[in-house]
Amino acid sequence: MLIQNIRHEIRLLSRSSWFLALSVLFTLLCLYAGYNGMKLFESRAVELEKAKADQSALFERVVNIAEAVENGETPDDSYRLSPMNMSIATGTLAYLQTDLLSAVAIGQSDLYTHQIKVSAREDLATLTFTEMSNPVQLLFGNFDLAFVLTYLIPLIIIAFTYNLQSQELESGRLRLLASNPINPRLWLFQRYLTRYISLGFILSVAVILTLSVISVQPSYRIAGMLLITFVYMVFWFALSFVINVYGTSSAKNAIVLLSFWIVLVLVIPAVVNQATNIIHPAPSRVILLNEIRETKKELSEKQDQVLAEYLRNHPELVRDDEENRFAYWQGFFASQEIMENQLSGLIQEFDEQLAEQQKLVNTWRFLSPSILFQTSFTDMAGTSTRQYNDFKSSVKEFTQQWREHFLPMVFDNRMLTLDDLNKLPAFEYNSTFESKTLTFNVLALILISGLILMSGFKKNHINFQL
Amino acid sequence: MNETPQIAIKTQNLIKEYDGKLALNDLNLSINAGDIFCLLGANGAGKTTTINLLMNFIKPTSGEAFIYGVDVVKNSRESKKHLAYIPENLVLYNELSGIENLEYFLGLAGLKYSKDDLEAYLTEAGLQNDAFGNRVKTYSKGMRQKIGIALALAKNAKVLLLDEPTSGLDPKASNEFSKLLMRLKNYNVATLMATHDLFRAKETGTHIGIMKAGNLVNQTLTEKISHSELEELYLTHINN
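Fair warning: this is a prediction, and the values are worked out from it, not measured in the lab.

Chemist: With reference to specific residues and values, describe empty space enclosed by the protein.
Modeler: All names here are of chain A. Overall, the coordinates contain six cavities of 30 Å³ or more when judged by the stated rule. Lining the largest cavity are Val104, Leu145, Leu149, Leu203, Val207, Leu211, Ile222, Met225, Leu226, Thr229 and Phe377. Of all the elements in the fold, those that place two or more residues in the lining of the largest cavity are helix H5 (145-161), helix H8 (184-213) and helix H9 (220-246). When residues of the lining of the largest cavity are assigned to their parent elements, the largest contribution, four residues, is made by H9. By residue class, the composition of the lining of the largest cavity is ten nonpolar, one polar and no charged. Roughly 50 Å³ of volume is contained in the second largest cavity.

Chemist: An account of the side chain of Gln145 of chain B is needed here, citing residue identities and associated values.
Modeler: All names here are of chain B. When you line up the elements, Gln145 lands in helix H5 (residues 141-154). Residue classification places Gln145 among the buried positions, given a relative accessible area of 0%. Separated by 2.8 Å, the side chain of Gln145 and the backbone oxygen of Pro165 make a polar contact. Those residues in contact with Gln145 that sit more than four places away from it in its chain are Ile86, Pro87, Glu88, Asn89, Leu90, Pro165, Leu169 and Phe177.

Chemist: Pulling in residues and values, what's your account of the packing of helix H4 (residues 115-124) of chain B against H5 of chain B?
Modeler: How two helices pack is summed up by the angle between their axes together with the distance between the axes. All names here are of chain B. Orientation of H4 relative to H5, taken along the N-to-C sense of each, is 120°, at an axis distance of 8 Å. Classified by the interaxial angle, the pair formed by H4 and H5 is oblique. Seen along the crossing, H4 lies across H5 with a hand that is right-handed. In contact with Tyr121, Leu122 and Glu124 of H4, H5 contributes Ile147, Ala150, Leu153 and Ala154. Per-class residue counts for the contact of H4 with H5 are six nonpolar, no polar and one charged.

Chemist: Can you tell me about the sheet that holds strand S2 (residues 21-32) of chain B, naming the residues and giving the values?
Modeler: The sheet built from four strands is open, its strands ordered S2-S1-S4-S5 (chain B) with antiparallel pairing. Looking at the sheet topology across the chains shown, the edges are occupied by S2 and strand S5 (70-71) of chain B.

Chemist: Now, about the domain arrangement of chain B: what can you tell me, with residues and values included?
Modeler: Residue and element names in this part refer to chain B. One can read the domain layout of chain B as domain 1 (7-82 + 159-239) and domain 2 (94-157). Computed from C-alpha coordinates alone, the two centres of domain 1 and domain 2 are separated by 25 Å. For the pair domain 1 and domain 2, the two sides together bury roughly 1,200 Å², of which 61% comes from carbon and sulfur. Sorting the residues of the side of domain 1 that touches domain 2 by element identifies strand S7 (159-163) and helix H6 (171-186) as the ones contributing at least two each. Examining the composition of the side of domain 1 that touches domain 2, we find that six residues originate from one element, H6, more than from any other.

Chemist: Go over helix H8 (residues 227-239) of chain B, please, and point to the residues and values.
Modeler: Residue and element names in this part refer to chain B. Taking 1.5 Å per residue as the helical rise, H8 with its 13 residues ought to reach 18 Å, and the 18 Å between its terminal C-alpha atoms agrees with that figure. Looking at H8, one finds that the buried residues are Leu230, Tyr234 and His237. The buried residues of H8 all sit within an arc of 70° when viewed along its axis, so they share a single face. Opposite its buried face, H8 presents the exposed residues Ser228, Glu232 and Asn239, each directed more than 90 degrees away. In the core, the buried residues of H8 are packed alongside strand S3 (36-41), helix H7 (198-204), strand S9 (207-212) and strand S10 (215-221).

Reading guide: rules and limits
- Residues numbered from 1 in each chain as written.
- Chains lettered and ligands numbered in written order.
- Predicted model: local features only at pLDDT ≥ 70, side-chain atom pairs only at ≥ 80, totals over all residues.
- Heavy atoms only, no water.
- 1 Å grid on protein atoms, 1.4 Å probe; cavity = no way out; pocket = protein on both sides within 12 Å on 5 of 7 lines; lining within 4 Å.
- Points joined across faces, edges and corners; volume = space filled by probe spheres on them.
- Helix = DSSP H or I, 4+ residues; strand = E, 2+ residues; numbered from the N terminus.
- Nonpolar A, V, L, I, M, F, W, Y, C, P; charged D, E, K, R; others polar.
- Buried < 20%, exposed > 50% of the residue type's maximum accessible area, 1.4 Å probe, protein only.
- Polar contact = N/O pair within 3.5 Å; in protein donor to acceptor, adjacent residues only side chain to side chain.
- Contact = heavy atoms within 4.5 Å.
- Axes fitted to C-alpha atoms, helices over the stretch in contact; angles between N-to-C directions.
- Parallel < 35°, antiparallel > 145°, perpendicular 65-115°, else oblique.
- Left-handed = near helix turned anticlockwise from the far one by under 90°.
- Pairing = 2+ DSSP bridges.
- Domains from an automatic or database assignment.
- Buried area = accessible area lost by both parts, 1.4 Å probe.
- Expected span 1.5 Å × (residues − 1).
- Arc of directions from axis to C-beta.

So, in structure tokens, the structure goes:
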């Protein structure tokens, strides 16, 4: 019966102008989504290259000054060789390498910055990683492939399957079909299977076409993204199967399936988001900034006391040289560390609450297949919140390292040499993030879909009357 | 020596209630191979309910029904192996041709025929050759009913259940349909036909049963009754 049903469905689909139009439309949507993602990726790449070039030019200028000084010249801008100037004004660039897969799933990449100027003046707690974004775009999300797959694929599946049994019942054909020695449940399942394969084929063609247009090379990450997409589709097919088994009229089936779509794709993710803010409210950033300002003010008022206290804790920085009296910058560096120590509780609370929120989202992701899908999809694309958090920690760690590197020179009150410039720490991002969600989310979706299908097969009686 | 005819369709004290309302009351029916049993009755008399029960589309409240001794409830799929069903409106897949529809429905019954065989069955069912490859959406009702007959022929059905199959057919198409039933009778097919058409029942049937409010109130051999007597008998039962 399976072969028979596959042939039959393919015949029906190939003669359905509606289905053919839908396939073309879906392919066009994928291509447009890919183009959109690519545009964002390209503008990111241009921005990054520009930032790298600017930083490189800035550094080159300092190197030229250092060379001139070594040649015995006294250039006007030799102040640029001071450790304060180098560590703060020249600084260095920390960046996240552009990844073409971010064009497939923009994820958080439009919210977080990919390059940040590292400066010894920055307070670690207030390092800003978010960019000015179009609020309307943030509200509705970007029209990328992830959007098409998360939001539109379920709708296409619903449109494609909501009446697979009910239409047969309404037309009276179900009786004719059931007058044969078949298991009607298995017959329906096989129809779903064929449609799943058909839609999967169209999706594969559309996605592969899109990926090749935007020049994404095949990789295990692409395979992972396709895997979670196919499993996500299984869920929606399974849901439609059960609704058809238990439902009666096509209109009711459509309404029930659309209600599920609204709840699972729109409502639950929004509720989970709101709930995490209510259960683990993040401390106000304004309070954090005010605390920092207050503390800075207090510390600057007692600069000498702060410096003395700092040097007690860092005897290695104490200098006997009367000529090199410690002034503003030494006090600044000293107060920065003291301030961070004083505010560490508040900063930690801030970070912990954010971590708790993330943990809660992870726990509650099972409430919605679209959260399960999106988490894994953006994880594989490298644009999930957790990946950007990993980048953030790496930058913060490096900023600390950058500041510490200059401390002895600041306290020595000496200018940088060419040799010093060659030994500057360079930011290198080695992702410690490991996507463990794929296997787990795939299995969770398979399990949920399996249970849904089983409940469909459990119903023995078939309604032959509306 | 005459062979005892095989009982093709049998019901024993078959009862169907919907929410306490009796739709079929204690039906005992026995139809032999080669018989054409015409069930007459007003709307809601229980004719379609009887067919639905024999098809196992609905479960009986009590009683049993058998197709060649196979319990239609306990062994539904087995009972359908040699059974064909033609409803009042045979709805096929409009986007497929007559021959493709026939091929698909036979495939569901586990039967596979060559294109020539399928065409031969359609010809035998009276469908004109030039319509074989046309999409069913262009077919008239009579043409679609012929696909049902072709299905019964190709399925080698031993039992045919018809639910008002000639309703809405023009006299010529109705007459052709009757001839096809007679041909199936010659193949020893047992037919149970629910109909409102007294004339067709008398012309085609071997037995006539009159149903009223879920009860089989009268059973008679067609050969023993004339057209006018049948009409009178029918009206008497319906008016009482």
